[in-house]
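Coordinates in review
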Amino acid sequence: MASGTNVAGGAWEPALAPGRSDGRLVAESSEPATMAKLTGLPDDLDPALAAALAAEGIESLYSHQAEAFETAKRSDLILTSGTASGKSLSFNLPVLDGIAHEPKRRALYLYPTKALAQDQARKLAELEPPGLRHSIYDGDTPREDRPSIRRRSNLILTNPDMLNVGLLPHHKRWGDFLANLGWVVVDEAHTYRGVFGSHVANLLRRLRRICGMYGARPRFVMTSATIANPSELAERLTGLEFALLDDDGAPGAGREIAMWNPPVIDQRTMTRRSAVSEAADLLVELVTRGVRTICFMKSRRGIELINRFASMRLAEAGQPQMADRIAPYRAGYTPQQRREIEAALARGDLLAVSATNALELGIDVGELDAAICVNFPGTVASLRQMWGRAGRRRRGLAMYVAGQDGLDQFFCRHPDEFLDRPVEAAILDHRNEQIQMQHLHAAAYEAPLGSLPGDDEILGEGWREPAERLVAMGELRRARGDRYMTRGGDFVAGRISLRSASADSVAIIDASSGEMLGQVEAARAFDTVHPGAIYLHLGRSYEVAELDLSSGRAIVRPFDGDYYTQVKKETEIYIEETRTTRNALGVVLNFGAVSVSEQVIAYQRKRLGDNEVLDIIALDLPEQDFVTQALWYVIGDRTAARFPMEVLLGALHASEHGQIAVLPLIAMCDRWDIGGLSTNIHHQTGAPTIFIYDGHPGGVGITRRGFEEFERLVGDADRLIRECPCDDGCPSCVQSPKCGNLNEHLHKAGALELMGTMLTEGKRPGRDGPTRRAG
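Residues numbered from 1 in each chain as written. Predicted model: local features only at pLDDT ≥ 70, side-chain atom pairs only at ≥ 80, totals over all residues. Heavy atoms only, no water.

**Things to note about the overall build of the protein chain**
- When its secondary structure is counted, the protein chain shows 26 helices and 33 strands.
- For the protein chain, whose C-alpha radius of gyration is 27 Å, the value lies close to the compact-globule estimate of 28 Å for 775 residues.
- Each of the 775 residues in the protein chain was classed as buried or not, and the buried ones make up 58%.
- Considering only contacts within the protein chain whose residues lie at least 6 apart along the sequence, 72% involve residues at least 24 apart.
- Here the protein chain displays about 30300 Å² of accessible surface, and carbon together with sulfur accounts for 48% of that area. (Helix = DSSP H or I, 4+ residues; strand = E, 2+ residues; numbered from the N terminus. Rg over C-alpha atoms; globule rule 2.2 N^0.38 Å. Buried < 20%, exposed > 50% of the residue type's maximum accessible area, 1.4 Å probe, protein only. Contact = heavy atoms within 4.5 Å. Areas by Shrake-Rupley, 256 points an atom, 1.4 Å probe, with all protein chains shown as cover.)

The structure is reproduced here in structure tokens:
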């Protein structure tokens, strides 16, 4: 990448010019165009399939597509290549050729979202390959159509959720399909990380197990965006060895890259203008110049606000008709709403969308000119996937608009570190105890554990230990032949939530019309739809009048006020098990299992625009509890004695925020996957203690990485806070956008003294001891 070059050109150029003159445009770079590496169609390709390809104008292949065709014949394959590089044809070619040669062969395509499956189904229908009878089988498939789909279809497109509840538990209905299953395609494999990936890894082992019961050993083909560990990811997802193909032969149009930092609007607090407001302004500038744009932000609220602010500014500029050509797009909308937005964008009726990562993946929405990412999305791999939406066929613009977050501002101070950062490794842990036990229970429902010849190899050698725990819990019973069976006949898989949240959801109902606006996961309900919360949907604001978890409903009313809401939480941690301990940087560092109790106790109302706190209102909501992994360290008496009590508490809290902010530099996560607690005396350690924990039940290895790289974690946090030019702490260093204490009791100077002392201690010889495993 040619960091620092400034290549003018494109309709977007006038939108960038003001940022160059006032310093908001902190860095620019250019990615060059690349030439295609082409080869002919394989000689042994089925003639009718070759004719179908020719009818679509496909008479040659990119080099990686041809290599995938040959490699997939002899081994399981994972393919990594850039956005719009023809990955679909790379797996379609061997599968469709196999079906053409052996009509009884079956194929299963797994997609992380329904929209991706529908997009692929449309492309297959347009191709019309010989002998193909493909069908979508997901939660939207009418029940009356499902029996005929199971009987006649030879290629099923579905998602992990439906595989979990609709196929594996009912495998007897799928006997012929499973017995002839020759191919399993897992598209967008890089999305299967963290808790979701840990679930899917267990799910694919259940699939392998049931296929073996019917005498099938399907070939696995996976595709992924560029990540650091594709082979390791594929092997962890399935338990199989994979061939890796990472030579991308597709052409690239190249793109201009711009880093944009909102200006400081309050020198005393170092508060910057909202990244949402900056993104809305940029969107307006681009749309009025006819630049087809997608604007990504992880926050659902954020993308709604971007759309709302952009629409208001277009109306103020006398172009209200342009406001109808932009729309928000996020999960929580009905399937029909999402399909309408996708189709309007592909047709060109819409000029721009503000979207969560629901549109980050490979849904075909036509040619786009610009892609804006608001706030660092957590990983470089995800950022590049978002940027890849622009300039697929002609040169595009990729922008990053930094937020107030410490990591965003760290990157703005070190743009070369940002622009040249390598992609991360995907982290998952299929042995997560809570997740593995759920899937062992479900697997026992499908066929008794220990009854199939491949159980030890597929489930892993240690599967009997968690199975015994399930016996003790009354979920399984031990049967003859060292087998384990379900104790009851209930539908086990239906209780598994694959996506790191509760299986339950809350419907959001507009009291004025009775319409269901969308849904929110029950685990997030107290944070987002508590009584009095301001909820955004399709650019409109609603106030929550009532939340009833027992009926799964939140009743909302239209709202036209000028404030938003932010919750305040209380958190308590109980150490369940210390698994590993070591001395590091002059403190006792631990890793293990903890119980976390969180309770939303109040919410602030904050004015739009300047974020001024208007008031705080108490709430009476129940606690939420979960067990997870954590690292924690205890500050020694000598170090603690250097601080007055009120400074010590602020130093601990600010240090915790800084370390959570930089942990994504080490693990493939973002700060929203991590929680923390700091206390001047913990009831179990009896001393000042900082906890950093995985934000998902059971944990997936994020804080384990922090434990292993603790010295780097503290060093990066010290650097982030020390380099910030503010005096007393600001949103760019020690304040956190997710702080349950609303960023109260923070002491920047104390944090720097505390971490500086730790880093100095770490340089002394003999200070760090060996790792000790507890027990």
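So much for the structure itself; the text now carries on.
**Some details on the environment of Arg540**
- Checked against the element boundaries, Arg540 lands in strand 25 (residues 540–548).
- Arg540 sits in the partly exposed class, given a relative accessible area of 46%.
- Along the backbone, Arg540 and Glu468 are 72 residues apart, and their C-alpha atoms lie at a distance of 52 Å.
- Dropping the residues within four chain positions of it, Arg540 is found in contact with Tyr535 and Pro558.

**As for the environment of Ala371**
- The residue Ala371 is located in strand 18 (residues 370–374) in this model.
- Ala371 gets classed as buried once you look at its relative accessible area, which sits at 0%.
- With residues up to four places along the chain from it excluded, the contact list for Ala371 reads Ile294, Met386, Trp387, Arg389, Ala390, Leu397, Ala398 and Met399.

**Overview of the side chain of His657**
- Along the chain, the position of His657 falls in helix 23 (residues 645–662).
- The residues contacting His657, other than those within four sequence positions of it, are Arg671, Val734, Gln735, Ser736, Cys739, Asn743 and Leu746.

**Digging into the pairing of strand 21 (residues 483–486)**
- On strand 21, burial follows the alternation: Tyr484 and Thr486 on one face are buried, whereas Arg483 and Met485 on the facing-out side are not.
- Pairing analysis gives four bridges linking strand 20 (residues 476–479) to strand 21, with the strands arranged antiparallel. If you follow Leu476 over to strand 21, its bridge partner there is Thr486.
- The antiparallel hairpin formed by strand 20 and strand 21 contains three residues in its connecting segment, where Gly481 sits at a positive phi of about 75°. (Pairing = 2+ DSSP bridges.)

**Topic: the nonpolar core**
- Phe411, Phe418, Tyr633 and Phe710 are the most contacted members of the largest nonpolar core, which has 83 residues in total.
- Element by element, the count of residues in this core is highest for helix 23, at eight residues.
- Those residues in contact with Tyr633 that lie beyond four places of it in its chain are Val587, Val588, Leu589, Gln659, Pro688, Thr689, Ile690, Phe710 and Met758.
- The next biggest cluster of nonpolar side chains, apart from the first, holds 45 residues, and it includes Ile156, Leu181, Ala189 and Leu452. (Core = buried A, V, L, I, M, F, W, Y, C linked by side-chain atoms within 4.5 Å.)

**Regarding helix 20 (residues 464–472)**
- Among the residues of helix 20, those classed as buried are Pro466, Ala467, Leu470 and Val471. Angular distribution of buried residues about the axis of helix 20 spans 155°; they occupy a single face of the element. Among the exposed residues of helix 20, those pointing more than 90 degrees away from its buried face are Glu465 and Ala472.
- The elements touched by buried residues of helix 20 are helix 18 (433–446), strand 20 and strand 21. (Arc of directions from axis to C-beta.)

**Comments concerning the sheet that holds strand 8 (residues 155–158)**
- The strand order 7-8-6-9-10-5-11 describes an open sheet built from seven strands, whose pairing is parallel. A single partner strand is all that each edge strand has here, and the edge strands are strand 7 (134–136) and strand 11 (243–245). Taken pair by pair, the neighbouring strands of this sheet meet at an average axis angle of 15°, ignoring direction.
- Strand direction decides the pairing type here: strand 7 and strand 8, joined by three bridges, are parallel. Bridging from a neighbouring strand, His134 pairs with Leu155 of strand 8.
- This element, helix 3 (residues 63–71), spans strand 5 (77–80) and strand 11 of the sheet and lies at about 165° to strand 11. (Axes fitted to C-alpha atoms, helices over the stretch in contact; angles between N-to-C directions.)

**Observations concerning the pattern of salt bridges**
- Summed over all chains, the structure comprises 48 salt bridges.
- The partner of Asp76 in a salt bridge is Arg217, with the nearest N and O atoms 2.8 Å apart. Taken as a pair, Asp76 in the loop between helix 3 and strand 5 and Arg217 in the loop between helix 9 (194–213) and strand 10 (219–224) lie far apart in primary sequence, 141 residues in all.
- Judged by its relative accessible area of 4%, Asp76 falls in the buried class.
- Two residues, Asp369 and Arg394, come together in a salt bridge whose shortest N-O distance is 2.8 Å. With a gap of 25 residues between them, Asp369 in the loop between strand 17 (352–355) and strand 18 and Arg394 in the loop between helix 15 (380–387) and strand 19 (396–401) connect regions that are remote in the sequence.
- The class of Asp369 is buried, set by a relative accessible area of 10%.
- Ionic contacts of the salt-bridge type, sharing partners, join the residues Asp22, Arg24, Arg273, Glu278, Asp281 and Arg313 into one network. (Salt bridge = Lys/Arg side-chain N within 4 Å of Asp/Glu carboxyl O.)

**Details of the packing of helix 9 against helix 18**
- Contact geometry of helix 9 with helix 18 gives a least axis separation of 10 Å together with a crossing angle of 25°. Classified by the interaxial angle, the pair formed by helix 9 and helix 18 is roughly parallel. Seen along the crossing, helix 9 lies across helix 18 with a hand that is right-handed. Where helix 9 approaches helix 18, its residues Val195, Ser198, His199, Asn202, Leu203, Arg206, Arg209 and Ile210 are matched on the opposing element by Ile435, Gln436, Gln438, His439, Ala442, Ala443 and Glu446.
- A class-by-class count of the residues in the contact of helix 9 with helix 18 yields six nonpolar, six polar and three charged. (Parallel < 35°, antiparallel > 145°, perpendicular 65-115°, else oblique. Left-handed = near helix turned anticlockwise from the far one by under 90°. Nonpolar A, V, L, I, M, F, W, Y, C, P; charged D, E, K, R; others polar.)

**Some thoughts on the packing of aromatic side chains**
- Summed over the entire model, instances satisfying the criterion amount to 18 aromatic pairs.
- Taken together, a centroid distance of 4.9 Å and an interplanar angle of 70° make the contact between Phe559 and Tyr563 edge-to-face.
- For Tyr563, a relative accessible area of 12% puts it in the buried group.
- In this structure an aromatic cluster arises from ring pairing among Phe376, Trp387, Tyr400, Phe410, Phe411 and Phe418.
- The ring of Phe707 carries Arg582 above its face, with NZ or CZ at 5.3 Å from the centroid. (Phe/Tyr/Trp six-rings, centres within 6.5 Å; stacked < 30°, edge-to-face > 60°. Lys NZ or Arg CZ within 6 Å of the ring centre and 35° of its normal.)

**Some points on empty space enclosed by the protein**
- In the structure shown here, the tally under the stated rule is three cavities of 30 Å³ or more.
- As a volume, the largest cavity reaches approximately 70 Å³.
- Lining the largest cavity, in full, are Asn202, Arg205, Arg206, His430, Gln436, His439, Leu440, Ala443 and Leu459.
- Among the elements that line the lining of the largest cavity, the one with the most residues is helix 18, at four residues. (1 Å grid on protein atoms, 1.4 Å probe; cavity = no way out; pocket = protein on both sides within 12 Å on 5 of 7 lines; lining within 4 Å. Points joined across faces, edges and corners; volume = space filled by probe spheres on them.)

**Things to note about the confidence of the model for the protein chain**
- Confidence in the prediction of the protein chain, expressed as mean pLDDT, is 88, and 95% of residues score 70 or more.
- Overall, residues 1–9 carries pLDDT values under 50, and its contacts beyond four positions in sequence, including any with other chains, amount to 24 contacts. (pLDDT = per-residue confidence, 0-100.)

**Some thoughts on unusual backbone geometry**
- Even without a glycine there, the phi angle at Asn375 is positive, about 75°.
- Residue position: Asn375 is located in the loop between strand 18 and helix 15.
- At Leu742, a residue that is not glycine, the phi angle is positive and equals roughly 55°.
- Following the sequence through the fold, Leu742 ends up in the loop between helix 25 (710–723) and helix 26 (748–763).
- You can call Leu742 buried: its relative accessible area is 11%.

**Concerning a negative patch on the surface**
- Taken together, the side chains of Glu570, Glu572, Glu623 and Asp625 make up a negatively charged region of the molecular surface.
- Considering the arrangement of structural elements, one finds Glu570 in strand 27 (residues 563–584). (Patch = residues over 30% accessible without salt bridge, like charges linked within 9 Å, V, L, I, M, F, W, Y side chains within 5 Å. Lys, Arg positive; Asp, Glu negative; His and termini not counted. Charge placed at Lys NZ, Arg CZ, Asp CG, Glu CD.)

**Description of the environment of Asn92**
- Residue position: Asn92 is located in helix 4 (residues 87–101).
- When its relative accessible area of 5% is taken as the criterion, Asn92 is described as buried.
- A sequence separation of 93 residues divides Asn92 from Val185, and the C-alpha atoms of the two residues are 9.0 Å apart.
- Apart from the residues lying within four places of it in its own chain, the contact partners of Asn92 are Asp97, Tyr109, Gln120 and Leu124.
- Within the local environment of Asn92, its side chain forms a polar contact with the side chain of Gln120, the two groups lying 2.9 Å apart. (Polar contact = N/O pair within 3.5 Å; in protein donor to acceptor, adjacent residues only side chain to side chain.)

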